[in-house]
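A closer look at the structure
Each chain, written out:
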Amino acid sequence: MLFLLAYISSVVLINFAFSAAPHLDIIWSAWGGLVFILRDMVQTRFGHGAIVAMLVALVLSYVTSDPTIALASATAFAVSECVDWLVFTITKRPLHDRLWISSALSIPLDTFIFFGLIDALTPAVVITALLSKFAGVTAVWLIMAWRLRKQAVAG
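Residues numbered from 1 in each chain as written. Predicted model: local features only at pLDDT ≥ 70, side-chain atom pairs only at ≥ 80, totals over all residues. Heavy atoms only, no water.

1. Topic: empty space enclosed by the protein
What the rule picks out here adds up to one cavity of 30 Å³ or more. As a volume, the largest cavity reaches approximately 170 Å³. Looking at the lining of the largest cavity, the elements that each hand over two or more residues are α1 (2-20), α2 (25-46), α4 (67-90) and α5 (95-117). Ranked by residues supplied to the lining of the largest cavity, first place goes to α2 with five residues. (1 Å grid on protein atoms, 1.4 Å probe; cavity = no way out; pocket = protein on both sides within 12 Å on 5 of 7 lines; lining within 4 Å. Points joined across faces, edges and corners; volume = space filled by probe spheres on them. Helix = DSSP H or I, 4+ residues; strand = E, 2+ residues; numbered from the N terminus.)

2. Let's talk about the UniProt feature "transmembrane region" (unreviewed entry) in the protein chain
Per the UniProt record, "transmembrane region" (unreviewed entry) is annotated on residues 45-63, 99-118 and 124-146. In residues 45-63, helix accounts for 84% and strand for 0%; the two terminal C-alpha atoms are 27 Å from one another. (UniProt positions renumbered as here; feature names shortened; annotations may be inferred.)

3. Overview of the packing of aromatic side chains
The geometry of an aromatic ring pair is captured by two quantities: the separation of the ring centres and the angle between the planes. Applying the stated rule across the entire model yields four aromatic pairs. For the ring pair phenylalanine 18 and phenylalanine 115, a centre distance of 5.7 Å and an interplane angle of 65° mean the geometry is edge-to-face. Placement of the pair is phenylalanine 18 in helix α1 and phenylalanine 115 in helix α5, with a sequence separation of 97 residues. Side by side, phenylalanine 18 and phenylalanine 115 carry an identical accessibility label, which is buried. Note on tryptophan 100 and phenylalanine 134: the rings are 5.9 Å apart at their centroids and 35° apart in plane angle, and the pair reads as tilted. Taken together, the positions of tryptophan 100 in helix α5 and phenylalanine 134 in helix α6 (residues 123-154) put the pair 34 residues apart, joining distant regions of the chain. (Phe/Tyr/Trp six-rings, centres within 6.5 Å; stacked < 30°, edge-to-face > 60°. Buried < 20%, exposed > 50% of the residue type's maximum accessible area, 1.4 Å probe, protein only.)

Structure below.
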């Protein structure tokens, strides 16, 4: 439940931050990595129910943030969630691999859609967003792979 609340709160807060201080977009883009980590944790625990969490976060974002930011966030998340759903549904790889594969496909799409729609698609913002998101996803992947190896040795 902690990851679920942290995910919803992070989406709302990051959208509010982009609305309140758009000139700090490079800082907020780095924060985006945390949102993807939390989304992966919510997906791991709740499966496709993560979409409900995303919808709650986006409705709250629409109420608390600039509607343009909320719409850009909703559009980017919808596309990236569809990609995640496809990867999780089609592939038969272990969970940690599916998380990384889906992220490798959805992170660039999410980044370009969101920043393109809010007219903040600069090289510095894109690079910061991609690096922070991929660093976060890779950290989660490494932790999950380590746990699997530890279980295999113990078992």
